[in-house]
Amino acid sequence: MKRVFLTGSTGFVGKNLITNFDSKYDISKYTKNSPISINHDIVIHLAGKAHDLKKVANVGEYYKVNTELTKEVFDSFLSSNASIFIALSSVKAVADEVKGVLTEQANPNPQTHYGRSKLLAEQYIFSQAIPEGKRVYVLRPCMIHGPGNKGNLNLLFKVVSKIKIWPLGAFENRRSYCGVNNLLFVINELIDNNTVSSGIYNVSDNNPLSSNQIINLISSLEKKRILILHIPRKIIYFLSWMGTLCNLSFNKRSLAKVTCNYIVSNEKLKKALKKELPFDAIDNMTNTLKSF
């Protein structure tokens, strides 16, 4: 049985990984602030400081956890006999806004400390010489979700489940999501398939979803009718501008957050794996919303 050194075991992805991988691998869990000693076959580095939705985080924590801890884990991997290193980064290491489709060839320009700290970790990893016989993968997932996940989707579900009208139907925006089951499938494939070259890979479900699709899914699951209004965009933009002037919760920033496009390509990953991702985007979203 292969031995795995795992960081981030208490996070959402880590808990799901342990549940799914525990019978296949001998997993050792890293404890926060403990010395790093790797005597394993595989390193899966999931630990990270996530987006702070309440905006109260210490900026230094992003760099301490996302950058410096990654450096420490990777250095230990390089000096060990482990042959596979898989680190979880984020599409936000590249872009906070996307025009068109985000690929691995995009020039990184993160605007937040979260994104910058992730990018610095990526740059450090691929600035080092990778010894022969070792494989190194950095995964950039978009919004990860699944049953039990707490985050923006949970907040959206709570808001939508209380309303009868969705006024933003005129915005046919689309966003890519990443079901945790597809992410775990990718990690397992990277371990088993030694033909996949080291590098950076985006991870997303195959098809992006629109806000209107998600509203309809919530409506169906809640067994309630939510009327989607297609109010002209000019009117909505004017109301958001007024909200900004009056310091209201509905403003230009909140509107952009809800209606922006963020489409992520997973073509490089599928080509490398020579496989399709097995789980459907709508099925994944339905299962997550059901859990709420």
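Not measured: the values here are computed from a predicted model. (Residues numbered from 1 in each chain as written. Predicted model: local features only at pLDDT ≥ 70, side-chain atom pairs only at ≥ 80, totals over all residues. Heavy atoms only, no water.)

Regarding the sheet that holds strand E11 (residues 199-203)
Strand pairing in a sheet relies on backbone hydrogen bonds. The paired strands run either parallel or antiparallel. The line we're drawing: A pair of strands counts as paired when DSSP detects no fewer than two bridges linking them. Secondary structure elements follow DSSP: runs of H or I of four or more residues count as helices, runs of E of two or more count as strands, with numbering from the N terminus. Axis lines are fitted to C-alpha atoms, over the contacting stretch for helices. Their N-to-C directions set the angle, which ranges from 0 to 180 degrees.
One open sheet holds the six strands; their spatial order is E2-E1-E3-E4-E6-E11, and the pairing between them is parallel. Each edge of the open sheet carries a strand with a single partner, namely strand E2 (26-29) and E11. Each adjacent strand pair in this sheet contributes to an overall mean axis angle of 20 degrees, direction not counted. Pairing of strand E4 (residues 84-88) with strand E6 (residues 135-141), which is carried by five bridges, proceeds in the parallel orientation. Bridging across to E6, Ile 84 finds its partner in Arg 135.

Section: the nonpolar core
Counted only if it meets this: What we call a nonpolar core is a set of buried Ala, Val, Leu, Ile, Met, Phe, Trp, Tyr and Cys residues that are connected through their side-chain atoms within 4.5 Å. Summary of the burial criterion: residues with accessible area below 20% of their type's maximum are buried, those above 50% are exposed, and those between are partly exposed, where the area comes from a 1.4 Å probe applied to protein chains only. We call two residues in contact whenever any of their non-hydrogen atoms come within 4.5 Å of each other.
Of all hydrophobic cores here, the largest spans 41 residues; its most connected members are Leu 17, Ile 44, Leu 139, Leu 183, Val 186 and Ile 187. Looking at this core, the elements that each hand over two or more residues are strand E1 (3-7), helix H1 (12-21), strand E3 (42-45), E4, E6, helix H5 (180-192), E11 and helix H9 (267-273). When residues no more than four places from it in sequence are discounted, the contact partners of Leu 183 are Val 13, Leu 88, Leu 139, Ile 144, Cys 178 and Val 203.

Some points on unusual backbone geometry
A positive phi is found at Asn 247, a non-glycine position, where the angle reads about 60 degrees. The phi angle at Lys 274 is positive, at roughly 60 degrees, despite the residue not being glycine.

Digging into the packing of helix H6 (residues 211-222) against helix H10 (residues 281-291)
Heads up, the condition is: Oblique is the label for any angle not covered by the other classes, which are roughly parallel (under 35 degrees), roughly antiparallel (over 145) and roughly perpendicular (65 to 115). Crossings are assigned a handedness: left-handed for a near helix turned anticlockwise from the far helix by less than a right angle, right-handed for a clockwise turn. Lys, Arg, Asp and Glu make up the charged group, whereas Ala, Val, Leu, Ile, Met, Phe, Trp, Tyr, Cys and Pro make up the nonpolar group; the residues left over, Gly among them, are polar.
The N-to-C vectors of H6 and H10 enclose an angle of 50 degrees; their axes lie 10 Å apart at closest approach. Between H6 and H10, the angle is such that the two are oblique. Here H6 runs over H10; the crossing is right-handed. Contact residues: H6 offers Gln 213, Ile 214, Leu 217, Ile 218 and Leu 221, while H10 offers Ile 282, Met 285, Thr 286, Leu 289 and Lys 290. Class assignment for the residues of the contact of H6 with H10 results in seven nonpolar, two polar and one charged.

Quick notes on the pattern of salt bridges
Formally: In what follows, salt bridge is the name for a side-chain nitrogen of Lys or Arg lying within 4 Å of a carboxyl oxygen of Asp or Glu.
Within the structure shown, the criterion is met by seven salt bridges. The partner of Lys 275 in a salt bridge is Glu 189, with the nearest N and O atoms 3.1 Å apart. Of this pair, Lys 275 sits in the loop between H9 and H10 while Glu 189 sits in helix H5, and the two are 86 residues apart along the sequence. By relative accessible area, which is 39% here, Lys 275 ends up partly exposed. For the salt bridge of Glu 267 with Lys 270, the shortest nitrogen-to-oxygen distance reads 3.3 Å. Here the residue Glu 267 and the residue Lys 270 both occupy positions in helix H9, the gap between them amounting to three residues, near one helical turn. One network of salt bridges, in which partners are shared, links Glu 267, Lys 270 and Glu 276.

Some words on a positive patch on the surface
Filter applied, for reference: In this scheme, patches are assembled from residues that exceed 30% relative accessible area and form no salt bridge. Like charges are connected within 9 Å, while nonpolar side chains (Val, Leu, Ile, Met, Phe, Trp, Tyr) are connected within 5 Å. Residue burial considers only the protein chains on display, and all accessible areas are found by Shrake-Rupley using a 1.4 Å probe. For the purpose of charge, His is not counted, nor are the chain termini; Lys and Arg are scored as positive and Asp and Glu as negative. By convention, the charge on Lys lies at NZ, on Arg at CZ, on Asp at CG and on Glu at CD.
Side chains of Lys 15, Lys 150, Lys 158 and Lys 162 sit close together on the surface and give a patch of like positive charge. Here Lys 162 lies in the loop between helix H4 (152-160) and strand E8 (165-166). According to the relative accessible area criterion, Lys 162 is exposed, its value standing at 72%.

So, the pairing of E3
Side chains Ile 42 and Ile 44 of E3 all project onto a buried face; the interleaved residues Val 43 and His 45 project onto the opposite face, where all are buried too. The pairing of E1 with E3 spans four bridges and is parallel. Within E3, the position partnered with Leu 6 by the bridge is Ile 44. Relative to E4, E3 runs parallel, the two sharing four bridges. Counterpart to Ile 44 in the pairing with E4 is Ile 86.

Observations concerning the environment of Lys 164
Inspection of the secondary structure assignment puts Lys 164 in the loop between H4 and E8. Along the backbone, Lys 164 and Ser 219 are 55 residues apart, and their C-alpha atoms lie at a distance of 9.2 Å. Each residue touching Lys 164, except ones within four places of it in the same chain, is listed here: Arg 225, Ile 226 and Leu 227.

Looking at H5
Applied cut-off: A helix is expected to span 1.5 Å for every residue after the first.
For H5, which comprises 13 residues, the first-to-last C-alpha distance of 19 Å matches the rise-based estimate of 18 Å (1.5 Å per residue) to within 8%. Of all 13 residues that make up H5, eleven are buried, and the element is covered over most of its length.

A few points about the environment of Ser 265
In this fold, Ser 265 is placed in the loop between strand E14 (263-264) and H9. Along the primary structure Ser 265 and Val 203 are separated by 62 residues, whereas in three dimensions their C-alpha atoms are 7.8 Å apart. Those residues within four positions of Ser 265 in sequence are excluded, and the remaining contacts are Val 101, Leu 102, Thr 103, Glu 104, Asn 202 and Ser 204.

Some details on empty space enclosed by the protein
The condition is simple: Points on a 1 Å grid over protein atoms alone make up a cavity when a 1.4 Å probe fits among them but cannot get out, and a pocket when they form an open set with protein on both sides within 12 Å along at least five of seven lines; lining residues each have an atom within 4 Å of a point. Grid points are joined across faces, edges and corners, and a volume is the space filled by probe spheres set on the points.
Within this structure, the stated rule accounts for one cavity of 30 Å³ or more. Its boundaries defined by the atoms lining it, the largest cavity holds a volume of some 80 Å³. Lining the largest cavity, in full, are His 45, Ala 47, Asn 66, Thr 70, Ala 87, Leu 88, Ser 89, Lys 118, Ala 121, Glu 122, Ile 125 and Val 138. Counting residues per element, the ones that place at least two in the lining of the largest cavity are helix H2 (59-78), E4 and helix H3 (113-125). In terms of residue count, H3 provides more of the lining of the largest cavity than any other element does, four residues in total. A per-class count over the lining of the largest cavity returns six nonpolar, four polar and two charged.

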